[in-house]
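What the coordinates show
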Amino acid sequence: MAFIIRSFICNKIIQCANGFPIGGKGTRPAELLSFIKICPRRSPTIEYIFEFGDKKKNKCIQKNPLHMSSAPKIIEKFLPDDYVKSVFLDNNLKPPKIKFKVNNEKVVEEVINIVCERPNSFWKSSALLSSIPRQNIIVEYSSPNIAKPFHMGHLRSTIIGNFIGNLCSAVGHDVTRINYLGDWGKQFGLLKYAFDKRSMSEKDLESNPIKTLYELYVDVCREAEVSQDVHLKANEIFTLMEKGDENHLKDWKLFRDLSIKSFEKTFRRLNVNFDEYHGESMYKLEHSSLIIKNMEEKCLLKDLPDGRKVFIFNEKSSVVTIMKSDGSTLYITRDIAAAIDRFKKYKFDKMYYIVDNSQHDHFLSLKRILKALGYNWSDYIEYVNFGRILGMSTRKGQVVFLDDVLNEAKELTLETGDTGARLQYSHCRLVRLEENCGMSYNHNANLKSLLEPEAIDLI
Ligand SMILES: NC(=[NH2+])NCCC[C@H](N)C(=O)O
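Residues numbered from 1 in each chain as written. Predicted model: local features only at pLDDT ≥ 70, side-chain atom pairs only at ≥ 80, totals over all residues. Heavy atoms only, no water.

A word on the site of the ligand. The local shell around the ligand consists of Glu140, Ser143, Asn145, His154, Tyr180, Tyr331, Asp335, Tyr353, Val355, Gln359 and Phe363. The contact in question runs from a nitrogen atom of the ligand to an N or O atom on the side chain of Glu140, over 2.8 Å. Side-chain polar atom of Asn145 to a nitrogen atom of the ligand: 2.7 Å apart, as the coordinates give it. When the ligand sits alone it has 350 Å² of accessible area, and the protein chains cover 89% of it. Of the residues in the shell around the ligand, the class split is 5 nonpolar, 4 polar and 2 charged. (Near = heavy atom within 4 Å. Polar contact = N/O pair within 3.5 Å; in protein donor to acceptor, adjacent residues only side chain to side chain. Areas by Shrake-Rupley, 256 points an atom, 1.4 Å probe, with all protein chains shown as cover. Nonpolar A, V, L, I, M, F, W, Y, C, P; charged D, E, K, R; others polar.)

Structure representation (structure tokens):
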């Protein structure tokens, strides 16, 4: 609720600064808002500080239109009022800052009135929020790989991405939530090879498709470790798939449909939604060929003696393979195509990719390549990374299944006391009590008595 006071202080500072050099002229309250901060509570009075612009300091402060030289004038002209009891320069702070001591009673009254009037939307009137320009935002999160179980890394991406999506919508941005499935690549050649070799059919997948497909994948990876032949066959199958071979694609589609069904069950359980399901399979050879042509025209690719086409990444001349020697495409090529496609379609102002740390270099390359291709919007791409869950490898079969984790978490919350579930339960009970007691908030209540540190903290 600090925003009421902050905007109030801003307006007054601008009034006071009017007419002398740095402040005043055309400065809008919104420009000053972020420089006003609430102090950690040390005294019973709520205090705010104003930080001055400093050329040498961080960018944010550099943008501050008010400089230290304005301080004495502001203090002199700032007359105490209903909201602010006193204003002074605190020289104990390094560098010194203006301190505003606030009238607690007035703030408590304002806060309680606003919350009572608009209990579900009061926070939206924050001046800080209204100064944010509305944007078109894409959040890509979760993005599990089909035919494999949804694992903890995907769970983190799902939770963080969903949260970012909610936050962006809440402040009024247009948000498109995309789940970009890992549904293409050599692993589907491997899987299809194993599926055929064991003469399997749709029937074998009926009872537990993900588990069956996953076991098959772990099995064939083991086989591939000792047999070059398996690799060759899998590559061959995947190359055929890229060329549109219907027989292979029919089974791939079956794996994909069954996987999505199972993921959706998990998303329902987590109360997570997506606007669109995309996938790597949307960006096959024809997209990649265009990108490769474009990169070649701009002299961004180098042909290696082994037949690969690579992008020379940086000064240290590390390379990123854009096309394999057998002509098939790669994860990065598909991501380049997907980003270009999304910009065409959504004209985003910001696109967030929520993916674990292990893909740091991948996203760095993605941004660099897009920039080298002349797409300046690559600056709008934000890679939101998070710590990787160590010791898991889908290829080796070392994963913790998400459904097992959720089941265990459910049991634990039911058993133990001090948990989120318990908190929700207590909240429900309190709401019920409030509903049943037949009393409502008394607008004439004497708010002076709300002086406990806990009450002030809450406000
Ligand atoms: N656009 C992207 N590359 N998103 C992340 C995809 C994550 C990938 N499917 C994985 O599980 O590792």
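A separate point is the sheet that holds strand E1 (residues 36-38). Here 4 strands make up an open sheet; going across it, the order is E1-E2-E4-E3 and the pairing antiparallel. Because the sheet does not close on itself, it has two edges, and the strands there are E1 and strand E3 (84-90). Taking each pair of neighbouring strands and ignoring which way they run, the sheet shows an average axis angle of 25°. Here E1 pairs with strand E2 (residues 47-50) via 3 bridges, running antiparallel. (Pairing = 2+ DSSP bridges. Helix = DSSP H or I, 4+ residues; strand = E, 2+ residues; numbered from the N terminus. Axes fitted to C-alpha atoms, helices over the stretch in contact; angles between N-to-C directions.)

In many reports, interface size means the accessible area that the parts give up when they come together. Structurally, the protein comprises domain 1 (1-110), domain 2 (136-400) and domain 3 (404-439 + 446-458). Across the boundary between the two partners, domain 1 contributes 6 residues, which contact 6 residues of domain 3. Here domain 1 packs against domain 3, burying approximately 610 Å² in sum over the two surfaces, 70% of which is carbon and sulfur. The interface formed by domain 1 and domain 3 includes 0 salt bridges. Among the residues forming the side of domain 1 that touches domain 3, the class breakdown is 2 nonpolar, 1 polar and 3 charged. (Domains from an automatic or database assignment. Contact = heavy atoms within 4.5 Å. Buried area = accessible area lost by both parts, 1.4 Å probe. Salt bridge = Lys/Arg side-chain N within 4 Å of Asp/Glu carboxyl O.)

The subject of this paragraph is the environment of Ser7. Among the secondary structure elements, Ser7 is positioned in helix H1 (residues 2-17). Here the alpha-carbon distance between Ser7 and Ile36, two residues 29 residues apart in the chain, equals 9.0 Å.

The subject of this paragraph is the nonpolar core. Soluble globular proteins: nonpolar side chains tend toward being buried together. Grouped together as the largest cluster of nonpolar side chains are 49 residues, with contacts concentrated most on Val139, Leu190, Leu191, Met241, Tyr352 and Ile354. In terms of residue count, helix H12 (residues 246-270) provides more of this core than any other element does, 9 residues in total. Ignoring sequence-local partners within four residues, the contact set of Leu191 consists of Ala147, Leu213, Leu216, Tyr217 and Phe255. Counting residues in each nonpolar core, the second largest holds 34 residues, with Tyr283, Ile291, Phe313 and Leu366 among its members. (Core = buried A, V, L, I, M, F, W, Y, C linked by side-chain atoms within 4.5 Å. Buried < 20%, exposed > 50% of the residue type's maximum accessible area, 1.4 Å probe, protein only.)

In the structure shown here, the tally under the stated rule is 13 aromatic pairs. Relative to Tyr383, the ring of Phe363 lies with its centre 4.7 Å away and its plane at 20°, an arrangement referred to as stacked. Of this pair, Phe363 sits in helix H15 (residues 360-372) while Tyr383 sits in strand E12 (residues 381-384), and the two are 20 residues apart along the sequence. Residue classification places Tyr383 among the buried residues on the basis of a relative accessible area of 17%. (Phe/Tyr/Trp six-rings, centres within 6.5 Å; stacked < 30°, edge-to-face > 60°.)

A few words now on the pattern of salt bridges. Scanning the entire structure with this criterion turns up 22 salt bridges. The salt bridge involving Lys253 is made with Asp257; its shortest N-O contact spans 3.0 Å. Highlighted residues: Lys253 and Asp257, both in helix H12, separated by 4 residues, approximately one helical turn. Exposure remark for Asp257: the relative accessible area of 38% places this residue in the partly exposed category. A single network of salt bridges, built from pairs that share partners, joins Lys197, Arg198, Asp219, Arg222 and Glu223.

On to the sheet that holds strand E9 (residues 309-312). With respect to topology, 3 strands assemble into an open sheet ordered E8-E9-E10, the strand pairing being antiparallel. The open sheet is flanked by strand E8 (301-303) and strand E10 (319-323), the only strands paired with a single partner. Neighbour-to-neighbour, the strand axes of the sheet open up by a mean angle of 40°, direction not taken into account.

This brings us to the environment of Glu215. Counting through the fold element by element, Glu215 comes out in helix H10 (residues 209-226). For Glu215, a relative accessible area of 44% translates into the label partly exposed. Considering only alpha carbons, one finds Glu215 and Lys148, 67 residues apart in sequence, at a separation of 9.0 Å.

All right, on to the pairing of strand E4 (residues 97-102) then. Most of E4 sits out of view: 5 of its 6 residues are buried. Inspection of the sheet shows E2 paired to E4 by 4 bridges, in the antiparallel sense. Counted as the bridge partner of Glu47 is Lys101 from E4. Inspection of the sheet shows E3 paired to E4 by 6 bridges, in the antiparallel sense. Directly across from Asp90, in E4, lies its bridge partner Lys97. The antiparallel hairpin formed by E3 and E4 contains 6 residues in its connecting segment.

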